[in-house]
Amino acid sequence: MAEWFLFLPQLRLGIDAVVARAVAAESAGFDGIAFIDHLEPPAAVDQPIWEAMTLATWVAAHTERLRIGHLVLCDAFRHPAVLAKQAVTLAEVSGGRFELGLGSGSWPDEFTRFGLPDADDAKARAARLARDVTTIRDCWGLGSDTAMIQKPLPTHRIPLLFGGTGKTTLALARDYGDWWNIPSHQLDRLDALMPRVGDARVSMQQMVGFVGDGADEAEIATTSKRRFGYLGSGLVCGDAAAMIEHFGALADRGVQRFYVWFADFATPDTLHEFADTVITAL
């Protein structure tokens, strides 16, 4: 059975609105929620954006069942020993609902603007991610360097998710990952890449222009494409029947978790209707 997360980039929304959507997703039956991690929103640098770990902690405090994570935290933004401590703390306060999603960084412009290293060197960023994952696991008592162990140790297992299709990311997913997230625009590579991630389960993010009962399909498609048409195949529009067919086909290909990103910014009514029709059917 597939898992369903609300993907909710934390821009264009106040914190109260983010919490309201998280609460609605939980009551509707979503399994989790995921945020993004940027110092400035890609291609929308004039938009304000909330910090990812702080917001995840606040949402955890306002929910009871929803799992909480990110697609994905940028490895370079936090020292790995600090991130290891943050993850343990958030896992503890949430009752084991936190998942640690990691990537090497996808927006070099913010590296340049804020003075982060290796802005133009993707290989160096990937190598740092591999080193930092080792450090994090050492801090949790899961590695070989016992001098790095932090206390308290995790009392809840913290799942690891890696996002991307680079060689290093695939190897990390294979060796340490509970989940591997493939970008929707690279689904044509899914069958070829799945053997390279071992036992890691597959997830993907999908932007949806959901046509609810009685809604104007043409209007929703037009609005969704105006807002998010740049995503190409990463955007799908349709009613519940079309969504059931779309996600069902992906599940048949081995995708086990969907991060659903709604073109209407995830209004509570949309979340409930999507869950009552699409999630329930699948």
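Everything quoted here is computed from the prediction, not taken from an experiment.

Definitions and cut-offs
- Residues numbered from 1 in each chain as written.
- Predicted model: local features only at pLDDT ≥ 70, side-chain atom pairs only at ≥ 80, totals over all residues.
- Heavy atoms only, no water.
- Axes fitted to C-alpha atoms, helices over the stretch in contact; angles between N-to-C directions.
- Helix = DSSP H or I, 4+ residues; strand = E, 2+ residues; numbered from the N terminus.
- Parallel < 35°, antiparallel > 145°, perpendicular 65-115°, else oblique.
- Left-handed = near helix turned anticlockwise from the far one by under 90°.
- Contact = heavy atoms within 4.5 Å.
- Nonpolar A, V, L, I, M, F, W, Y, C, P; charged D, E, K, R; others polar.
- Buried < 20%, exposed > 50% of the residue type's maximum accessible area, 1.4 Å probe, protein only.

K.L.:
Which parts of the structure should I look at to understand the packing of helix α5 (residues 122-139) against helix α6 (residues 167-176)?
P.N.:
Helix-helix packing: each pair is described by the crossing angle between the helix axes and the interaxial distance. At a closest axis distance of 9 Å, the pairing of α5 and α6 adopts a crossing angle of 20°. Classified by the interaxial angle, the pair formed by α5 and α6 is roughly parallel. The two elements α5 and α6 meet at a crossing, and its hand is right-handed. Of the residues in α6, those touching α5 at Ala-126, Leu-129, Ala-130, Val-133 and Arg-137 are Thr-168, Leu-172 and Tyr-176. Tallied by class, residues from the contact of α5 with α6 come to six nonpolar, one polar and one charged.

K.L.:
How do you make sense of unusual backbone geometry when you look at a structure like this?
P.N.:
If a residue is not glycine, its phi is most likely negative; likewise, a peptide bond is most likely trans. The linkage connecting Leu-71 with the following residue, Val-72, adopts the cis geometry, with an omega of -25°. For Val-72, the location among the structural elements is in the loop between β3 (67-70) and β4 (73-74). Along the chain, Lys-151 connects to Pro-152 via a cis peptide bond; the corresponding omega equals 5°. Following the sequence through the fold, Pro-152 ends up in the loop between α5 and β6 (160-163). Phi at Phe-265 takes a positive value of approximately 65°, unusual for a residue other than glycine. Within the fold, Phe-265 resides in the loop between β10 (255-262) and α10 (268-281). Despite not being glycine, Ala-266 has its phi angle at roughly 65°, a positive value. Note that Ala-266 resides in the loop between β10 and α10. The exposure class assigned to Ala-266 is buried, which follows from its relative accessible area of 1%.

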